[in-house]
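One letter stands for each residue in the lines below.
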Amino acid sequence: MKLSQFRYKMPEELIAQYPAENRDESRLLVLHKKNGKIEHKVFKDILKYFREGDVMIVNNTKVFPARLYGNKEKTGAQIEVFLLRELNREQRLWDVLVDPARKIRIGNKLYFGDNDNIVAEVIDNTTSRGRTLRFLYDGDHETFKKNLYALGETPLPRFIKRKVEPEDAERYQTIFAKVEGAVAAPTAGMHFSKHLLKRLEILGVDVAEITLHVGLGNFRAVEVEDLTKHKMDSEEMIITPEAADIINRAKEKQKSICAVGTTVLRAIESSVTTNGQVNPFHGWSNKFIFPPYDFSVADKMITNFHLPLSTLLMMVCAFGGYENVMKAYDVAVKEKYRMGTYGDAMIII
């Protein structure tokens, strides 16, 4: 398929700038894969689509406050530093993006905090905006991390055009968030409240937790018309033996398996065997899923409404069928569903 096939008209004002007041009360578009039928519900109505013994697979990654602002030595120019991942704990080396990048060269020092209490030195260029920083800090790792994160802010995506607010620290996480390492939230999981989770538990639905640390690659524009030539960024993922066991047992009993979000779908498809079993896995995945694609594990999927031309929209089209999903998006726009990270949800069944 071609990139241009994933363009649709999305009015800017439909991009949600704030989350719904209550997590489980965002709107829910239900898309039936077989016949393309569409229903309009509220998120907590998902209970109607699950039975005892079914499995929901969720991503328990936790977003850290990855966006920092520092000052360049001598000039004092403000530089945005976006932390991607820690490369070496002992040497305090981090993979980061800087903006504006043209001003930041190897050997430059950056100062953070009111009293310049954290200093970083640029030791390598990795991409046009990418740099490796060594943080110069006397003290143990825990104190360093705590002080570094205290200077950071919630890394809301660029299409949320407002300043970060204190509430974002909690709302830009799912209730499953445990394993720190993401710079973007697995948004489908953000619609679950503790109360809804309890009701699913009472219903007898099992929850399998996997980890995929969401990277900035999710927001990177696809720059090639021929999708087979697009390369995804690698992201770290963990599927524990316990999670694999819950999923495989449900498959054997022919129960329904629901992937909560594109990150979950990508993770399980990265570790599935030829006979459809999910293997425990700890490593990296750069799997790019677009139509046509045969899915081996999940038969349901919960996801947000993604932006035009995004790899996330491509994956959803692969799961729900291109015509079905693009038609559902047209309906969602007409019905003024809220789009993006803090927007409404759809379930494909």
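Quantities reported herein were computed from a predicted structural model and do not represent experimental measurements.

Draft legend 1. Structural view of the pairing of strand 2 (residues 38–42). Of the strand pairs in this sheet, strand 1 (residues 27–31) and strand 2 are connected by five bridges, and their pairing is antiparallel. The residue bridging L29 from the neighbouring strand is H40, located in strand 2. The antiparallel hairpin formed by strand 1 and strand 2 contains six residues in its connecting segment, where G36 sits at a positive phi of about 75°.

Draft legend 2. Representation of helix 4 (residues 241–252). In this model helix 4 runs 16 Å from its N-terminal to its C-terminal C-alpha over 12 residues, within 8% of the 16 Å that 1.5 Å per residue would give. Taken residue by residue, helix 4 has A243, A244, I247, N248 and A250 as its buried positions. One side of helix 4 carries all its buried residues, which in axial view fall inside an arc of 160°. The exposed set on the far side of helix 4, more than 90 degrees from its buried face, consists of P241, E242 and E252. Along its buried surface, helix 4 packs onto strand 3 (55–59), strand 12 (206–212), strand 13 (235–239), strand 14 (257–260) and helix 5 (262–270).

Draft legend 3. Up close: the sheet that holds strand 6 (residues 78–88). A barrel is described by the order of its strands in space; here six strands give the closed sequence 5-6-7-10-9-8, paired in antiparallel fashion. Adjacent strand axes in the sheet meet at a mean angle of 45° when their direction is disregarded. One ladder, built from five bridges, connects strand 5 (residues 67–72) with strand 6; its direction is antiparallel. Within strand 6, the residue paired with Y69 across the bridge is E80.

Draft legend 4. Examining the packing of helix 5 against helix 6 (residues 311–320) more closely. At a minimum axis distance of 10 Å, the contact between helix 5 and helix 6 shows a crossing angle of 65°. Classified by the angle their axes make, helix 5 and helix 6 are roughly perpendicular. The two elements helix 5 and helix 6 meet at a crossing, and its hand is left-handed. The residues of helix 6 that touch helix 5, namely those facing T262, L265 and R266, are L312, M315, V316 and F319.

Draft legend 5. Inspection of the pairing of strand 16 (residues 300–304) at higher detail. For strand 16, the tally of buried residues reaches five of five residues, placing the bulk of the element in the interior. Neither face of strand 16 is left uncovered, since the one carrying K300, I302 and N304 and the one carrying M301 and T303 both have all their residues buried. Bridge count between strand 14 and strand 16: three bridges; the pairing is parallel. Note on strand 16: the bridge partner recorded for C258 is K300. In the sheet, strand 16 pairs with strand 17 (residues 345–348) via four bridges, with the strands oriented antiparallel. Opposite N304, over in strand 17, you have A345 as the bridge partner.

Draft legend 6. The pattern of salt bridges, seen in detail. According to the stated counting rule, one finds 14 salt bridges in the structure shown. Note that R23 and E170 form a salt bridge whose closest N and O atoms lie 3.8 Å from each other. Of the two residues, R23 sits in the segment before strand 1 while E170 sits in helix 2 (residues 168–171), which places them 147 residues apart along the sequence. Residue classification places E170 among the exposed positions, given a relative accessible area of 53%. Where E25 meets K44, a salt bridge forms, and the shortest distance between an N and an O atom there is 2.9 Å. Here E25, found in the segment before strand 1, pairs with K44, found in the loop between strand 2 and strand 3; they are 19 residues apart in sequence, far enough to count as distant.

About the thresholds
Residues numbered from 1 in each chain as written. Predicted model: local features only at pLDDT ≥ 70, side-chain atom pairs only at ≥ 80, totals over all residues. Heavy atoms only, no water. Pairing = 2+ DSSP bridges. Helix = DSSP H or I, 4+ residues; strand = E, 2+ residues; numbered from the N terminus. Expected span 1.5 Å × (residues − 1). Buried < 20%, exposed > 50% of the residue type's maximum accessible area, 1.4 Å probe, protein only. Arc of directions from axis to C-beta. Contact = heavy atoms within 4.5 Å. Axes fitted to C-alpha atoms, helices over the stretch in contact; angles between N-to-C directions. Parallel < 35°, antiparallel > 145°, perpendicular 65-115°, else oblique. Left-handed = near helix turned anticlockwise from the far one by under 90°. Salt bridge = Lys/Arg side-chain N within 4 Å of Asp/Glu carboxyl O.

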